[in-house]
Amino acid sequence: MVLDLFRPPIELEQLWLQIGQIGSRSFPLVASAGLACGVIMTLHSRTYLVRFGATSMVPTVQCLGFVLEIGPLLTALLVAGRVGAGIGAMLSNMRTTEQIDAVEALSVDSFKFLVVPRVLACVLVLPLLTIFTDFSGLLGGYISEFAASHISAPLYIERAFAGLRWENFIPPTVKTSAFGFIIGTVSAFFGYTTSEGSEGVGRAATNSVVLSSLLVIVADIILVRCIFFAFPETAL
Amino acid sequence: MNDQRRPAIALECVTKSFGEKQVLRDVSLGIQEGEAVCLLGRSGTGKSVTLKLMIALLKPDKGRIWIGNQDISLLEPRALSGVRRKMGFLFQSAALFDSFSVYDNLALPLLRMTDMSRPQIGEIVHTVLDEVGLADEAQTMPADLSGGMRKRAGLARCLVLDPEILLIDEPSSGLDAITASEIDELLLRRKMQHNTTMVIVTHDPYGARRIGDRFAVLDHGSLIAFGSPKELERHPSDTVRNLIRER
């Protein structure tokens with residue numbers, strides 16, 4: 001199945017459509033969630049950093065926290081909820097209403113037509129959405145910090161990016177492609193293979209969200225260890 | 001019907017089970033080119049399964065299924081695609097793609113199976129939509145169509161590739177008598193004008209008599225009768241006579 005994902009022909013038109021749907025429709029969700037989490041994280045981090053007289057570190061902590069972990073994981077979990085459920089429900093609905101059989105009857109490979117574009121779209125879109133979440137988080141952090149200390153935007157940006165290096169940014173962002181692969185394959189599996197009626201549609205959607213969220217978290221542990229292994233300087 | 005012609009579809013001792021439940025038992029059936037055969041039987045006797053076996057959406061546990069000279073039970077997916085190219089399948093629910101407009105539903109097989117340009121595809125789609133009376137609904141989404149319109153749109157999708165064989169699962173189910181009659185009319189016209197081979201699963205003896213040259217009656221997964229309506233009227237089985245009797 002994994003090999004089939006990359007075996008030509010790739011349904012470019014469907015892939016483009018799915019990238020648009022998954023990306024553009026998830027953007028408001030990840031952007032607003034990132035903004036809110038940015039505000040919350042700054043409220044918490046400021047409370048503790050004040051005690052140590054290190055309030056100037058708030059932007060740095062915010063940026064590293066978001067880029068290294070909060071951004072990728074938050075994005076993946078939000079996409080697992082929104083897109084995973086959508087893929088699971090849509091494919092299972094297509095299965096129960098014989099639309100997948102209809103695709104096959106039209107001599108179209110339903111796996112390549114319906115599953116592959118969705119999985120690839122998740123793989124490609126997750127890193128982009130993660131970047132949006134990171135920047136929304138930073139914006140939220142700035143708003144919160146500005147309210148508390150009236151810090152200027154240039155100073156906030158300077159402090160935020162002071163501790164950030166490319167090896168802190170690229171690997172955690174790219175690892176979300178693996179999260180996208182998990183979300184796409186798990187939800188497509190549950191949707192594509194359902195054999196029950198409307199109950200199966202609900203079950204496919206629920207299972208897609210639950211299992212893909214769980215696997216994303218487990219995969220994150222492994223991927224963080226891999227990043228530490230590949231970039232030892234990023235590890236403490 | 002002239003039985004000397006080569007069968008367009010032939011089932012040889014086909015058996016199919018789902019888990020413990022045997023749905024078809026040793027079914028053998030030959031359908032001639034240009035012939036319309038109606039599959040009759042009570043619910044759950046394996047009619048729709050037979051239809052899906054004919055287009056290889058299901059594989060038989062035993063037996064062989066021939067489409068022309070090809071045994072589709074042995075074909076690889078790529079070769080199967082060539083056989084399916086000659087066939088159209090109208091699902092009971094029409095199975096239109098929810099996320100595509102009526103136009104896109106019809107254009108998909110042409111885009112995938114032919115080298116036609118977009119304008120040529122547009123021309124064919126509009127011609128077929130006109131043929132089924134849905135010329136004004138090209139941009140409508142399937143969810144906004146009535147049951148009869150969905151059936152006609154599903155039929156139109158089957159017809160765009162001008163198939164040699166049409167497999168039709170309950171064309172009149174859930175439709176009022178007038179709409180059902182319109183669908184029958186479309187099928188009849190197709191049969192007359194294009195000499196299309198048809199296999200129609202139906203519970204409607206009136207429609208079956210209008211379209212069907214021969215009836216095949218399934219009962220508990222076995223083929224218990226196969227012949228012209230006149231022949232089956234004299235069949236010893238009450239089940240057969242009741243199924244073909246117009247109510």
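Residues numbered from 1 in each chain as written. Chains lettered and ligands numbered in written order. Predicted model: local features only at pLDDT ≥ 70, side-chain atom pairs only at ≥ 80, totals over all residues.

Participant: I would appreciate a short explanation of the overall build of chain B in the present structure.
Facilitator: Scanning chain B from N- to C-terminus turns up nine helices and ten strands. Its C-alpha atoms give chain B a radius of gyration of 18 Å, near enough to 18 Å, the size a compact globule of 247 residues would have. Expressed along its principal axes, the backbone C-alpha trace of chain B runs to roughly 55 × 45 × 40 Å. Residues classed as buried in chain B amount to 45% of the 247 residues present. Here the analysis covers contacts within chain B between residues at least 6 apart in sequence; of these, 66% occur between residues at least 24 apart. (Helix = DSSP H or I, 4+ residues; strand = E, 2+ residues; numbered from the N terminus. Rg over C-alpha atoms; globule rule 2.2 N^0.38 Å. Buried ≥ 20, exposed ≤ 12 C-beta atoms within 10 Å, placed from the backbone. Contact = placed C-beta atoms within 7 Å.)

Participant: Just to check I follow, could you spell out the nonpolar core for this structure?
Facilitator: The nonpolar side chains of soluble globular proteins are, as a tendency, buried together. Ranked by internal contacts, the top residues of the largest apolar core, which has 132 residues, are Ile183(A), Ala156(B), Leu167(B) and Val199(B). With 19 residues, helix H3 (residues 58-96) of chain A is the single largest residue contributor to this core. Beyond its immediate sequence surroundings of up to four residues, Ala156(B) is in contact with Leu106(B), Val128(B), Leu129(B), Val132(B) and Leu134(B). (Core = buried A, V, L, I, M, F, W, Y, C linked by C-beta atoms within 7 Å.)

Participant: Whenever I open this one, the environment of Ala216(B) confuses me. Can you help?
Facilitator: Residues and elements named next belong to chain B. Positionally, Ala216 belongs in strand E9 (residues 214-219). Since 24 C-beta atoms lie within 10 Å of it, Ala216 is described here as buried. Separated by 13 residues in the primary sequence, Ala216 and Pro229 place their C-alpha atoms 9.6 Å from one another. Apart from the residues within four sequence positions on either side, Ala216 is in contact with Leu29, Val37, Leu39, Leu223 and Phe226.

Participant: How do you make sense of the interface of chain A and chain B when you look at a structure like this?
Facilitator: By convention, interface size is frequently given as the accessible area that disappears when the constituent parts associate. Facing the ten residues of chain A at the interface are 14 residues of chain B. For the side of chain A that touches chain B, the per-class residue count stands at four nonpolar, three polar and three charged. (Nonpolar A, V, L, I, M, F, W, Y, C, P; charged D, E, K, R; others polar.)

Participant: Looking at this structure, how should I read the sheet that holds strand E2 (residues 21-32) of chain B?
Facilitator: Hydrogen bonds between backbone groups are what pair the strands of a sheet, and the pairing can be parallel or antiparallel. All names here are of chain B. Spatially, E2-E1-E4-E5 is the arrangement adopted by the four strands of the open sheet, whose pairing is antiparallel. The sheet is open, and its two borders are formed by E2 and strand E5 (70-71), each paired with just one other strand. Where strand E1 (residues 7-18) and E2 come together, eight bridges link them in antiparallel fashion. Paired with Pro7 across the strands is Gln32, a residue of E2. (Pairing = 2+ DSSP bridges.)

Participant: Which parts of the structure should I look at to understand the pairing of strand E10 (residues 222-227) of chain B?
Facilitator: Looking down a regular strand, the side chains alternate between one sheet face and the other. Residues and elements named next belong to chain B. Looking at chain direction, E9 and E10 are connected through five bridges and run antiparallel. Among the inter-strand pairings, Phe215 is bridged to a residue of E10, identified as Gly227. Here E9 folds back onto E10 in antiparallel fashion, the turn holding two residues, of which His220 has a positive phi close to 50 degrees.

Participant: Please clarify how unusual backbone geometry should be interpreted in this entry.
Facilitator: Backbone geometry follows two general trends: most residues other than glycine have a negative phi, and most peptide bonds adopt the trans configuration. All names here are of chain B. The backbone phi angle of Asp162 is positive, close to 50 degrees, even though this residue is not glycine. Topologically, Asp162 is positioned in the loop between helix H5 (147-159) and strand E7 (165-169). The class for Asp162 is partly exposed, based on 13 C-beta atoms found within 10 Å. In the Ramachandran plot, Asn195 falls in the positive-phi region, its phi being about 55 degrees despite a non-glycine side chain.

Participant: What exactly am I supposed to notice about the packing of helix H3 (residues 102-113) of chain B against H5(B) here?
Facilitator: Helix-helix packing is described using two parameters, namely the angle between the two axes and the distance between the axes. All names here are of chain B. Relative orientation of the contacting elements H3 and H5 amounts to 25 degrees, with a least axis distance of 8 Å. Regarding the angle of H3 to H5, the classification is roughly parallel. Every pair of crossing elements has a handedness; the one defined by H3 and H5 is right-handed. On H5, the residues that touch Val102, Asn105, Leu106 and Pro109 of H3 are Ala153, Ala156 and Arg157. Residue classes in the contact of H3 with H5 are distributed as five nonpolar, one polar and one charged. (Axes fitted to C-alpha atoms, helices over the stretch in contact; angles between N-to-C directions. Parallel < 35°, antiparallel > 145°, perpendicular 65-115°, else oblique. Left-handed = near helix turned anticlockwise from the far one by under 90°.)

Participant: I'm lost on helix H6 (residues 177-194) of chain B in this one. Help?
Facilitator: Given 3.6 residues per helical turn, the α-helix brings residues three or four places apart onto the same face. Residues and elements named next belong to chain B. With 18 residues, H6 extends 25 Å between its outermost C-alpha atoms, agreeing within 8% with the 26 Å of an ideal straight helix rising 1.5 Å per residue. Here H6 has its buried residues at Ala180, Ile183, Asp184, Leu187 and Arg190. Each buried residue of H6 lies within a common arc of 120 degrees when the element is viewed along its axis, so the set occupies one face. Facing away from the buried surface of H6 by more than 90 degrees, the exposed residues are Ala177, Ile178, Arg189, Met192 and Gln193. The inward-facing, buried residues of H6 contact H5, E7, strand E8 (197-201) and helix H7 (205-211). (Expected span 1.5 Å × (residues − 1). Arc of directions from axis to C-beta.)

Participant: Can you help me understand the environment of Pro59(A) in this one?
Facilitator: All names here are of chain A. The residue Pro59 is located in helix H3 in this model. Put simply, Pro59 and Arg159 are 100 residues apart on the chain and 5.7 Å apart in space, counted from C-alpha to C-alpha. Those residues in contact with Pro59 that lie beyond four places of it in its chain are Gly141, Glu145, Tyr156, Arg159 and Ala160.

Participant: Help me out: how do you make sense of the pairing of strand E4 (residues 62-67) of chain B in this one?
Facilitator: Residues and elements named next belong to chain B. Looking at chain direction, E1 and E4 are connected through five bridges and run antiparallel. Pairing of Thr15 across the sheet is with Lys62, part of E4. Pairing of E4 with E5 involves two bridges; the strand directions are antiparallel. Within E5, the position partnered with Trp66 by the bridge is Asp71. What sits between the antiparallel neighbours E4 and E5 is a turn of two residues, in which Gly68 has the positive phi angle 60 degrees.

Participant: Help me out: how do you make sense of the sheet that holds strand E6 (residues 87-90) of chain B in this one?
Facilitator: All names here are of chain B. Strand order across the open sheet formed by six strands is E6-E7-E8-E3-E9-E10, with mixed pairing between neighbours. The open sheet has two edge strands with one neighbour each: E6 and E10. On average, each strand axis in the sheet is tilted by 15 degrees relative to the strand beside it, whichever way the strands run. As paired elements, E7 and E8 share five bridges and run parallel to each other. Looking at E8, one finds that Leu166 is bridged to Met198.

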